[in-house]
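Tertiary structure, described
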Amino acid sequence: MKIETASFGTADDQPITRYTLVNSSGHKVSVMNYGATLLDVEVPDRDGTLANVNLCFDNLDRYVAGHPYFGSSVGRFCNRIGNAKFTIDGTEYALVVNHGKHQLHGGNKNFSYQVWSAETLEQDGSVGVRFRLTSPDGDNGFPGTVQAIAEYSWNDADELKIVYSATTDQATHVNLTNHSYWNLRGAGSGTAKGHVATIQADQYLDVDDDLIPTGQSNDVAETPLDFRTPTPLGDRVDQLPATKGYDHCYIVRGEPGQLRTAALVVDPESGRTLEIETTQPGIQLYTANHLGGGPETGGNGSHDAFCLETQHFPDAPNKPNFPSTLLRPGDAMSETTIHRFGVQ
């Protein structure tokens, strides 16, 4: 196994480096320190042909100019916070509003648009990169200075492990995820509607018209959101006109904090498979409903990929019955997700 490095341009007057993790079979994962972003993921189909299965851009300019979070590390709080505010210990904090009257993915110039420091890792059985970012007190309205870490590692079993961790000097809320867009037939190959998904969830979060959780959960049974048995992603998207497809947070079976299977996706055409394990309580299925096919999406259109973002629940700071995202001084947040690629 080896790590290759190459310049990927400059952002905020700082050098951006592309790190390529290569396992013993020549299968590759690339990441960069802008946004602690996942770039190419080159894995074989059933005939052994390698292809990149993660939507990405071949130059830095598009990432800096704005994009749909292709491969980004999202924070300080991924997904939505209702009315862009929350209260901690009696003090209300007003956050940056960037999505209607709400906050999405941590506000403006969030973690995805920051330059992280980086160090390479060569451990027993894997190679990787550890990215670090300091998010200052008041960043997009959040209290406390947060030290965040995004660690990617790649091994000979074609397992991409992502560990997000954070500490703070003041009580705050933290919820980190990776926002990759997958197409197991190959990025840019067209629709992902034929991908067959299984999600280990019996319930999903009930939401209002702005996709803010109501605090209740709904059973997936007898709904278009039932993926307890293998089902093509495109079979029922037409039954979800309000969201133009899937954009729903599932409650993963099992105990949060324990690594367990959350989802399995199979592309029947190529034979490639993606199994996801996570310690997180939820997983957001998003079928790239709003990709417009223009330069900012790399020419990819609606439903040409899917996201399975492992995370704590949206609006958890305002829903005391949800698993807590509150991080206090002296505590450490750490969540692990494994993306395991294979063929069948």
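Cut-offs and rules
Residues numbered from 1 in each chain as written. Predicted model: local features only at pLDDT ≥ 70, side-chain atom pairs only at ≥ 80, totals over all residues. Heavy atoms only, no water. Helix = DSSP H or I, 4+ residues; strand = E, 2+ residues; numbered from the N terminus. Rg over C-alpha atoms; globule rule 2.2 N^0.38 Å. Buried < 20%, exposed > 50% of the residue type's maximum accessible area, 1.4 Å probe, protein only. Contact = heavy atoms within 4.5 Å. Areas by Shrake-Rupley, 256 points an atom, 1.4 Å probe, with all protein chains shown as cover. Lys, Arg positive; Asp, Glu negative; His and termini not counted. Charge placed at Lys NZ, Arg CZ, Asp CG, Glu CD. Salt bridge = Lys/Arg side-chain N within 4 Å of Asp/Glu carboxyl O. Core = buried A, V, L, I, M, F, W, Y, C linked by side-chain atoms within 4.5 Å. Pairing = 2+ DSSP bridges. Axes fitted to C-alpha atoms, helices over the stretch in contact; angles between N-to-C directions.

Overview of the overall build of the protein chain
Helices and strands together make up the secondary structure of the protein chain, namely 1 helix and 27 strands. Taking 344 residues into account, the globule formula puts the C-alpha radius of gyration at 20 Å, and the protein chain, at 19 Å, falls close to it. The principal-axis extent of the C-alpha atoms belonging to the protein chain is close to 60 × 50 × 40 Å. Counting over 344 residues, the protein chain shows a buried share of 60%. Considering only residue pairs separated by 6 or more positions, the protein chain has 64% of its internal contacts joining residues 24 or more positions apart. Accessible area of the protein chain: about 13200 Å², with a carbon and sulfur share of 44%. Charged side chains in the protein chain number 24 positive and 43 negative. The centres of these two groups are separated by 1 Å.

Comments concerning the pattern of salt bridges
As enumerated under the stated definition, the model contains 15 salt bridges in all. Between Lys 109 and Asp 12 there is a salt bridge; the shortest N-O distance is 3.2 Å. In this pair, Lys 109 sits in the loop between strand S10 (103-104) and strand S11 (117-123) while Asp 12 sits in the loop between strand S1 (2-11) and strand S2 (14-22), placing the two residues 97 residues apart along the sequence. With relative accessibility at 44%, the residue Asp 12 sits in the partly exposed group. Glu 277 is paired through a salt bridge with Arg 340; the nearest N and O atoms lie 3.3 Å apart. Note that Glu 277 is positioned in strand S23 (residues 272-278) and Arg 340 in strand S27 (residues 333-343), a separation of 63 residues in sequence. Relative accessible area serves as the criterion here: at 15%, Glu 277 is assigned to the buried category. Among the charged side chains, a salt-bridge network with shared partners connects Glu 119, Arg 130, Arg 132 and Glu 151.

Description of the nonpolar core
Counting 55 residues, the largest nonpolar core has Phe 131, Ile 199, Tyr 250, Ile 283, Leu 308 and Phe 341 as its most contacted members. The biggest single contributor to this core is strand S13 (residues 146-155), with 5 residues. Excluding anything up to four places from it in sequence, Phe 131 contacts Tyr 19, Val 31, Met 32, Asn 33, Ala 36, Trp 116, Ser 117, Ala 118, Ala 148, Ile 149, Ala 150 and Tyr 152. With 22 residues, the next largest nonpolar core counts Met 32, Leu 60, Cys 78 and Leu 291 among its residues.

Details of the pairing of S27
Residues in a regular strand point their side chains to alternate faces of the sheet. Relative to S27, strand S14 (residues 159-168) is paired through 8 bridges, and the arrangement is antiparallel. In the sheet register, Leu 160 faces S27, and the bridge partner there is His 339. Across 7 bridges, the pairing between S23 and S27 is antiparallel. Residue pairing across strands places Leu 274 opposite Phe 341, the latter belonging to S27.

Quick look at the sheet that holds S11
The 9 strands lie next to each other as S11-S12-S13-S14-S27-S23-S22-S17-S20, forming an open sheet whose pairing is antiparallel. Either end of the sheet is taken by a strand with one partner, and the two such strands are S11 and strand S20 (231-232).

Some points on the side chain of Asp 267
Structurally, Asp 267 is set in the loop between strand S22 (260-266) and S23. Buried charge Asp 267 goes without a salt bridge, the closest partner of opposite sign being Arg 185 at 4.6 Å. When neighbours within four sequence positions are excluded, Asp 267 is seen to be in contact with Leu 184, Arg 185, His 195 and Arg 272.

Quick look at the sheet that holds strand S4 (residues 37-44)
Spatial strand order, S1-S2-S3-S4-S5: 5 strands in an open sheet with antiparallel pairing. Every other strand in the sheet has two partners, leaving S1 and strand S5 (50-52) as the edge strands with one partner each. Each adjacent strand pair in this sheet contributes to an overall mean axis angle of 15 degrees, direction not counted. The pairing of S4 with S5 spans 3 bridges and is classified as antiparallel.

Here's the deal with the pairing of S2
With respect to burial, S2 is a largely interior element, 7 of its 9 residues being buried. Here S1 folds back onto S2, and the loop between the two strands holds 2 residues, one of which, Asp 12, carries a positive phi near 50 degrees. Here 5 bridges tie S2 to strand S3 (residues 28-32), and the two strands are oriented antiparallel to one another. Its bridge partner lying in S3, Thr 20 is registered against Ser 30. In textbook terms, the turn of a hairpin is the stretch between consecutive antiparallel strands, and for S2 and S3 this stretch comprises 5 residues, one of which, Gly 26, has a positive phi near 85 degrees.

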